Amino acid sequence: VLVVEYKNLTLSPKNSTFKKLFPLTTSMKVLVTGGAGFIGSTIVSSLLRIGYDVIVLDNLSAGKKENIKEIESNITLVEGDIKDKKLIQSLVQDVQAVIHLAAVTSVPASVEDPKACNEANVVASKNILEECAKNKVKFLFASSAAVYGDDPSEIKTEDLPLKPLSPYGESKLEVEKLCAKFNKEKDLQFTCFRIFNVYGPRQNPSSAYASVIPLFINKALEDESLTIFGDGEQTRDFIYVQDVADAFLLALKENLNNVFNLGCNRSKTINELAKMIVEKTDSSSKIVHKDARQGDIVHSRASIEKFNVATGWEPKVSFEEGIQKTIDYYQNE
């Protein structure tokens with residue numbers, strides 16, 4: 001972070017006085033689609049802290065203005081849809097990089113309406129890729145561990161056979177393939193992250209498709225029962241949202257042109273998760289087990305060696321610390 005002490009003032013590149021004093025200072029302009037969402041708003045805040053200019057494109061169907069209210073005056077917020085070709089054309093030509101997060105992110109929703117999932121996740125993404133290639137703009141993409149489907153390997157490496165089980169997983173894999181195609185044919189600079197189970201502040205606990213951590217925390221704070229489907233010994237690789245943001249920021253600086261897992265290379269059972277949340281919230285919630293859901297993956301853990309070797313990145317936030325930070329956020333809310 002470039003910070004200058006001048007006449008008892010602390011100046012950063014976003015400050016107008018700084019720009020007058022140092023007119024040759026420039027910063028990369030980045031377009032973040034879905035930047036008002038849970039992950040997106042964390043990435044946007046991180047970009048601002050190190051001096052990037054940021055344009056946020058969000059239709060606010062899942063994202064919320066509250067997520068960016070503290071930084072809204074420092075960004076350009078465009079309320080619009082990634083399926084709007086003319087809008088994408090006008091925005092991409094004005095930036096040096098695109099971080100593409102906007103998507104239909106729910107597996108059940110993708111099953112209910114696969115056409116809508118394809119239009120938002122594949123067709124719109126292809127249009128963004130075309131504009132990025134034409135304007136020599138770097139493209140960073142939020143893919144998903146869903147591309148692995150029900151592969152029985154406990155630790156997922158990027159070279160495993162890919163067998164997504166849902167339209168959502170299929171759509172993410174298709175965009176990965178498009179990235180490789182555009183790199184080969186049009187020299188597009190890209191990075192794809194297969195993100196595992198992200199958690200942290202601003203994640204929506206009330207959605208019909210809420211993730212397990214905000215759902216459990218919300219229930220525990222209300223002393224309501226926590227429902228686990230199956231015996232609870234299924235495992236997940238949980239990664240704190242700031243670690244995800246840090247990985248995206250690192251990828252902005254590198255020409256990686258590859259696909260990487262983004263997790264912690266550690267896993268927790270759902271039973272362990274539920275017990276920890278009940279204890280940390282001092283809740284009287286009961287843990288209830290119901291029949292396992294058909295199609296649920298039993299074990300999921302990310303190998304992160306590939307990205308670590310390429311960049312030196314590793315997650316910084318421990319699971320217990322991340323859970324406590326997340327609980328503190330919801331308690332304050």
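Relevant structure appears above.
Residues numbered from 1 in each chain as written. Predicted model: local features only at pLDDT ≥ 70, side-chain atom pairs only at ≥ 80, totals over all residues. Heavy atoms only, no water.

Participant: Help me out: how do you make sense of the overall build of the protein in this one?
Facilitator: The secondary structure content of the protein amounts to 11 helices and 17 strands. What you see for the protein is a C-alpha radius of gyration of 20 Å, in line with the 20 Å of a compact globule of 333 residues. Seen along its three principal axes, the alpha-carbon backbone of the protein occupies a region of about 60 × 50 × 35 Å. A burial count over the protein gives 49% of its 333 residues as buried. Nonlocal contacts in the protein, meaning residues at least 24 apart in sequence, comprise 78% of its contacts between residues at least 6 apart. (Helix = DSSP H or I, 4+ residues; strand = E, 2+ residues; numbered from the N terminus. Rg over C-alpha atoms; globule rule 2.2 N^0.38 Å. Buried < 20%, exposed > 50% of the residue type's maximum accessible area, 1.4 Å probe, protein only. Contact = heavy atoms within 4.5 Å.)

Participant: Would you mind going over the packing of helix α7 (residues 212–221) against helix α11 (residues 319–332) with me for this structure?
Facilitator: How two helices sit against one another is set out by the angle between their axes and by the gap between those axes. Direction vectors running N to C along α7 and α11 enclose 55°, while the axes themselves pass 10 Å from each other. The orientation of α7 relative to α11 falls into the category oblique. Viewed along their axes, α7 and α11 form a crossing whose handedness is right-handed. Contacts from Ile213, Pro214, Ile217 and Leu221 in α7 reach Phe319, Ile323, Thr326, Ile327, Tyr330 and Gln331 in α11. Here the residues of the contact of α7 with α11 sort into eight nonpolar, two polar and no charged. (Axes fitted to C-alpha atoms, helices over the stretch in contact; angles between N-to-C directions. Parallel < 35°, antiparallel > 145°, perpendicular 65-115°, else oblique. Left-handed = near helix turned anticlockwise from the far one by under 90°. Nonpolar A, V, L, I, M, F, W, Y, C, P; charged D, E, K, R; others polar.)

Participant: Explanation requested: the nonpolar core in the structure shown.
Facilitator: For soluble globular proteins, nonpolar side chains are generally found buried alongside one another. Membership of the largest hydrophobic core comes to 46 residues, with the highest contact counts inside it found for Ile43, Leu47, Val54, Ile99, Phe193, Phe248 and Leu262. Looking at which element gives the most residues to this core, the answer is helix α8 (residues 241–253), with eight residues. In contact with Leu47, other than residues within four places in its own chain, are Val30, Val32, Tyr52, Val54, Ile99, Leu249 and Leu252. Counting residues in each nonpolar core, the second largest holds 29 residues, with Leu31, Leu91, Val122 and Leu129 among its members. (Core = buried A, V, L, I, M, F, W, Y, C linked by side-chain atoms within 4.5 Å.)

Participant: Which parts of the structure should I look at to understand the sheet that holds strand β4 (residues 53–58)?
Facilitator: Backbone-to-backbone hydrogen bonds join strands into a sheet, with any given pair of strands oriented parallel or antiparallel. Pairing is parallel in the open sheet, where seven strands are placed in the order β5-β4-β3-β6-β7-β9-β14. Each end of this open sheet is capped by a strand with a single partner; those strands are β5 (76–79) and β14 (258–262). Averaged over neighbouring strand pairs, the angle between their axes works out to 20° when direction is ignored. In this structure, strand β9 (residues 190–195) lies alongside β14, joined through five bridges in parallel fashion. Across the sheet, residue Cys192 finds its bridge partner in β14, namely Val259. Helix α2 (residues 38–49) rests against β3 (29–33), β4 and β6 (97–100) of the sheet, and its axis sits at about 165° to β4. (Pairing = 2+ DSSP bridges.)

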